[in-house]
Structure formats: structure tokens, C-alpha cells
There are 2 protein chains.
Amino acid sequence: MPLPRDADPDALLAAARAGDRRALARLVSEVERGGDAGRAVSRVVHPEGGHAYTVGITGAPGAGKSTLTSAVVAEIRSAGDRVAVVAIDPSSPFTGGAILGDRVRMDEHALDEGVFIRSMATRGHLGGLTLATPQAIRVLDAAGWPWVLVETVGVGQVEVEIAGSADTTVVVVNPGWGDAVQANKAGLMEIADIFVINKADRPGAAETRRDLAQMLELAGVRSEGGWEPPVIDTVANRHEGADELWAAVTRHRELVTRTGQLEERRSVRLTDELRHIVAARLLEQAMATTAGAAFEDACADVLARRLDPWTAVDRLLDPA
Amino acid sequence: MPLPRDADPDALLAAARAGDRRALARLVSEVERGGDAGRAVSRVVHPEGGHAYTVGITGAPGAGKSTLTSAVVAEIRSAGDRVAVVAIDPSSPFTGGAILGDRVRMDEHALDEGVFIRSMATRGHLGGLTLATPQAIRVLDAAGWPWVLVETVGVGQVEVEIAGSADTTVVVVNPGWGDAVQANKAGLMEIADIFVINKADRPGAAETRRDLAQMLELAGVRSEGGWEPPVIDTVANRHEGADELWAAVTRHRELVTRTGQLEERRSVRLTDELRHIVAARLLEQAMATTAGAAFEDACADVLARRLDPWTAVDRLLDPA
């Protein structure tokens, strides 16, 4: 049955729950686009959620995140569960185009009704991914997907933040991780609940394991709540080690659920999200502020160096 | 003579212009930290600027950006000019720590009074790097540095945006660039004024050159204002090709200056910056909004699924 073009969020959610993948995709698109329609979707899905468990998978470009994610999907499927994947593509600041090359590696699951894969891109608006990702997770949660994997590149302020706000965060490195992660090693170290050394059949795996152990010891921030991030070897393109990784995720889930850390994390995350939404709402006001002649005059004054940027903005926002 | 602890921005700027590097470093630190002190610095330096030319250097982690930047610094020095480098380190979302390993490659310039190198990190505040980077450039400009190189990792929404807002943007790739840049190929393609194939002595350089040419043709967005992004081979750790790169930067500068594109670009960039500052100011309001009991109540309501996030924020911002 074709989906009516004017289907409302309630109808779409009902369809998505009944297994209609186009309805699900449409709901995700709406929250990705934002705006009033996206907010209407959030309103409908939010009360229905709270059941999905999210796993962030992140690491440097080329670390094999997509292949590993695909192997984890196979693990979850063989355990009999359904699983959704949200893959974050940093987009062009100009065209907003997402690069989908990565996604082909997920092809092995393309015909499996128990797997839903979705790439997301920011359309260049401030805070786009930061706001859209939790909304997309909410949609999948409300539609009844018990597992949501969130794959992001582990470089970049926004992207690391998104990966780190999952219920369990997996950081993927490779043997001889040097240059490729140095730019953001500390950031990745601190969000990791589980480390994976992917491509562990390559030379240097032992050294990498030793480096990780050393850095974890140095960091000293670990083992809160009785959890020490395990380091797991995988060769994702041969599905090796994915079972061990999945067992670690399950152990971590049990622990954070039992100790109340999960609730705590989700509460902190929600507080952050509300802050971002407050900021987004105020930014809309800002856009209105910056649309008129007064803003153009301010720009001209700053460009001519008659005013500095901060003073110009102060005058715009408080013209008295 | 030791710098007085309570030196005001005017005194610091005068000292920085006279060659006092600690005064310069202090000014950059102030704008990096933001807040009232940072804004006071912006007010003092803004009227004095407009003379520096900025060059963005970006690319995937491990592409050899720092080594290339160092080679470019050597070119500028041998032409007799002074040059400042601003290196952007994505920071840990937790500790705010910058990873400085990269910087050691700049050691060859450590004793050269004509070179000033500065790493910057965001302290986790929203829009931190986006706001702080242009302020830091303003400081260096006002202090009389004629060239400012801005090195960022070419992955991540914020980082690509910063690199793309230089007067000339150089995108660094390697032979066989596949996985490492796929995550953000389109974004990098569109901000590039000049491409560099670094490590061009490795296998695959010819293919990479062909790929780039093809993608540029496909993109079709290029050659605006009569400029076609050249593709330059370098082996930065042997300083090979840096002269050719520098010649290309100089050609690009001449062109954009002559055609008025430089003024246009700077005007667009300033408009963006003012928008960000408006947003930051409103975000401060947001933080005030989200500090009280009303915000805690809203969080509790959303957590208990009595309210969705958007409605909760609407009520917070407009309690009527």
C-alpha cells in the first residue's frame, strides 16, 4: 500500500511499527531536516521511547568502522535481535552532500528485514548533527528497534561528542595507530567504554595494545563504577572478534543497568540535549536579528574597522 | 623585562608589536579563553588589523599537514617574511587537553624569531574554535605578522569550516587517498583553492592526480573568477615541492586581490562571524535560562516522558 504524501507523524509511526521501512525512513528524514515537521515527529515519538539501547562506534577514518559495524550487526542478528544503524557523514559545508561510499560495506545486510541502515548528514545548520542524531535515535526507538548502532568518524568536535553520548561507546583503532589518531587521542580515550584493535592481524597489534594500556593507566580516569575498558582484537572483514566485542557490549550494558549508571548517563545526555535545543531556538531568534538592515550596517561598520565584532553585536542585541 | 601580571590589552599589544613573544602568547590565550578579557583584546586589536594574509592548510589525519606547514614556513622565511602558524587541535570533550605531538615537527623553526607557532584547543564550549580562531588571527594581524597559516584536520564539521574560511585554502591528500578522506571528500573538494598530493614519492600519485582531476570536473563548481585549483606534488619531509606550492599561493593571492574576490570573501566571512557571535551571546542567555529550577523541572518532565524536548524548551523560553 503506497504511503500517502500527507501522512501525519502518528500514521507514519504506526506504519513504521508495522514494518513499513519507507515510513520509518520518512520519519528519520523529517527529524534530520528539522523545522516544524521534524519537531512534530519528535513530539509523537518521544513518549513511545526509552527501550532501545544505543552503541556508539567511532575511530579514525580508515579504521574499519563500517566493516566492524557490519560484523556487529551480524552478531546481533544471529542472537535473534533486530538492529538499526545510524551512520554519521560529515557533509560538505557547501552542498550538504553525504558521501555514501562507506555504506556499500553494509550490503551484506541489505535484504535483511531485521536490519535498518541510515546515513545522516548535516545540512550545514549550526548544531545540525548534534540535534538531529538524538531525534533519529528516538524515532528508531519508538518504532521498536531494540538496538541502535551509531557510527561516527572519531575526529572533529561534533562527531566525537555524538559517539560519546551512546549508552556504550566503542573506540576502534588499528595496529600502529600513530598519525591517524594523534589529532584526537585524548578525546577518544576518554569516551571509550570498549577499545577495539581492528585489523589485528597486521604488524604492531601488540605494541598498540601496550600503548593503550599505558595511556589508560596514565589517564587514570577509568574503572569508574567498576568497569575497566577492555581491549579487543578484531579482524572485522573476516568477522573475527565480533563475538567477543558483542559479549563485552553485553557485559557493559548489564553493569551500567545494574549500577544505575545508565539512568545517570541518559539524564546527563538529556540535559545536554535540552541545552542544545535552547541554543537552537535562540539561534532562530539570532537569524531574525541578523536578517535586517541593522545587521548589514553592523557588518559594514566592522568591515570598515569602525567597530569591533563584539561591540557591534552588543549594540544589535541591545539597541538601547 | 618581566610582563606585569595585570598588563592591559593595549600594553600587551604594544609589547607584542615590539617583538615580545610572551605578550603575544598572552593575547592569544585571552581570546582563546573567551569571556570579557578575550573580548577586551578583540576590541583593541580589531582596528589595527586587515594586513595579514591567511592560508588554511587542511587534510586527513596523517596526510603530513604539519610537515608541509613547516616546509611552507621555510619558504616564507627564505623570502624574508615573518610568519605565524595557528594549529587547531580538536580537544578532548572532557579535559580540554590539546595533543601537541604534532607540533614537534615544527622544531626546526623553534629558535627563529620570525616564526610564531601556536596550538589552539577548544575548551568544550559550543562554537569555541569557530569563535576563537578568527580572534586569534586578529591578534596576530594586529601584532604585525604578515602571514598567518591555519592548520586544521580536514575531518569534522567545525574544523573544515575553519580551514575553508582562510584567504587561500590548501587541501592536502596522499597517494591512494581512499578510506582516509572518503568521510569528507566533498567538503574538502569544495573549499580547496589548491590541492597538494603530499608523499608524492609513494605509489599511486598518478592515480590520485587523475582522481582529483576527474572529481574537479564532476564537481563543476571550480574555476570561478578564472581560478582552477592546481594540483601540486610535494614530499614535505624533504621540502620538495614547497616552493611550487608557495608560488601557487602567491598566484592565488594576486588573483583574488586583483579581482576583488578577496574583499568579497572577507566580507562573507565576517558576516558569518557576526552571526556566530550573535549566537554565542544568545547562548549565554540560554545558559542562564538553563541554570535554574525551571530547567531542572523541564529535564525531569522530559526524562519521565511527560513532555517532549521541543515542547519543554518552548515552555521554558516562553512561560506565558
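Residues numbered from 1 in each chain as written. Chains lettered and ligands numbered in written order. Predicted model: local features only at pLDDT ≥ 70, side-chain atom pairs only at ≥ 80, totals over all residues.

> Describe the overall build of chain A, listing the residues and the values that go with them.
Of regular secondary structure, chain A possesses 13 helices and seven strands. Looking at chain A residue by residue over its 320 residues, the buried ones come to 49%. Long-range contacts, defined here as pairs at least 24 residues apart, represent 72% of the contacts in chain A between residues at least 6 apart. (Helix = DSSP H or I, 4+ residues; strand = E, 2+ residues; numbered from the N terminus. Buried ≥ 20, exposed ≤ 12 C-beta atoms within 10 Å, placed from the backbone. Contact = placed C-beta atoms within 7 Å.)

> Tell me about the packing of helix α4 (residues 65-78) of chain A against helix α10 (residues 242-259) of chain A, and please be specific about residues and values.
All names here are of chain A. Contact geometry for α4 and α10: axes closest at 9 Å, N-to-C directions at 70°. Of the possible angle classes, the one that applies to α4 and α10 is roughly perpendicular. In contact with A71, V72, A74 and E75 of α4, α10 contributes A242, D243, L245 and W246. (Axes fitted to C-alpha atoms, helices over the stretch in contact; angles between N-to-C directions. Parallel < 35°, antiparallel > 145°, perpendicular 65-115°, else oblique.)

> Residues and numbers for helix α3 (residues 35-45) of chain A, please.
Buried residues of α3(A): A:G38, A:R39, A:V41, A:S42, A:V44 and A:V45, and no others. The inward-facing, buried residues of α3(A) contact α1 (9-17), α2 (21-33) and α5 (128-142) of chain A together with α13 (309-317) of chain B.

> Just give me the short version of unusual backbone geometry, but keep the residues and values in it.
The phi torsion at A:K199 lies on the positive side, around 60°, for a residue other than glycine. Tracing the chain through its elements places A:K199 in the loop between β6 (194-198) and α9 (205-219).

> So what's going on with the confidence of the model for chain A? Residues and values would help.
All names here are of chain A. This prediction gives chain A a mean pLDDT of 82; 82% of its residues lie at or above 70. Averaged pLDDT values for the elements of chain A fall to 47 in helix α7 (residues 179-182) and rise to 96 in α10. With pLDDT under 50 throughout, residues 91-105 is counted as low confidence; its partners more than four residues away or in other chains account for 41 contacts. Prediction confidence for the complex, expressed as pTM and ipTM, is 0.68 and 0.75 respectively. (pLDDT = per-residue confidence, 0-100.)

> A description of helix α12 (residues 293-303) of chain A should follow, citing residues and the corresponding values.
Residues that lie three or four places apart on an α-helix share one face, since the helix turns once every 3.6 residues. Taken together, the buried positions of α12(A) are occupied by A:F295, A:A298, A:C299 and A:V302. Buried residues of α12(A) fall within an arc of 100° about the axis and therefore sit on the same side. More than 90 degrees from the buried face of α12(A), the exposed residues found are A:A293 and A:E296. On its buried side, α12(A) packs onto α11 (261-289) and α13 (309-317) of chain A together with α11 (261-289) of chain B. Immediately beyond the C-terminal end of α12(A), within one or two residues, lies A:R305, with a positive phi of roughly 65°. (Arc of directions from axis to C-beta.)

> Tell me about the pairing of strand β1 (residues 53-59) of chain A, and please be specific about residues and values.
Residues and elements named next belong to chain A. Of all seven residues that make up β1, seven are buried, and the element is covered over most of its length. Burial along β1 is two-sided: Y53, V55, I57 and G59 and T54, G56 and T58, pointing in opposite directions, are all buried. As paired elements, β1 and strand β4 (residues 147-153) share seven bridges and run parallel to each other. Bridge pairing in β4 places G59 opposite V153. (Pairing = 2+ DSSP bridges.)

> Before we move on, can you summarise the environment of B:R138 with the specific residues and values?
All names here are of chain B. Tracing the backbone through its elements, the reader meets R138 in helix α5 (residues 128-142). The buried category is assigned to R138, around which 25 C-beta atoms lie within 10 Å. Each residue touching R138, except ones within four places of it in the same chain, is listed here: S42, V45, H46 and G49.

> Summarise the environment of B:G49; cite the residues concerned and give the values.
Residue and element names in this part refer to chain B. Position of G49 relative to the elements: it lies in the loop between α3 (35-45) and β1 (53-59). Sequence spacing of G49 and L140 is 91 residues, and the spatial spacing of their C-alpha atoms is 8.6 Å. Sequence-distant contacts of G49, defined by excluding residues within four places in its chain, comprise R138, D141 and A142.

> Can you explain the environment of B:V150? Please cite residues and give values.
Residue and element names in this part refer to chain B. With respect to the secondary-structure elements, V150 resides in strand β4 (residues 147-153). Owing to 26 C-beta atoms within 10 Å, V150 belongs among the buried residues under this scheme. When the C-alpha positions of V150 and A166 are compared, they lie 7.7 Å apart, and in sequence the two are 16 residues distant. With sequence-adjacent residues up to four places away left out, V150 is seen in contact with T54, G56, V86, T133, I162, A163 and A166.

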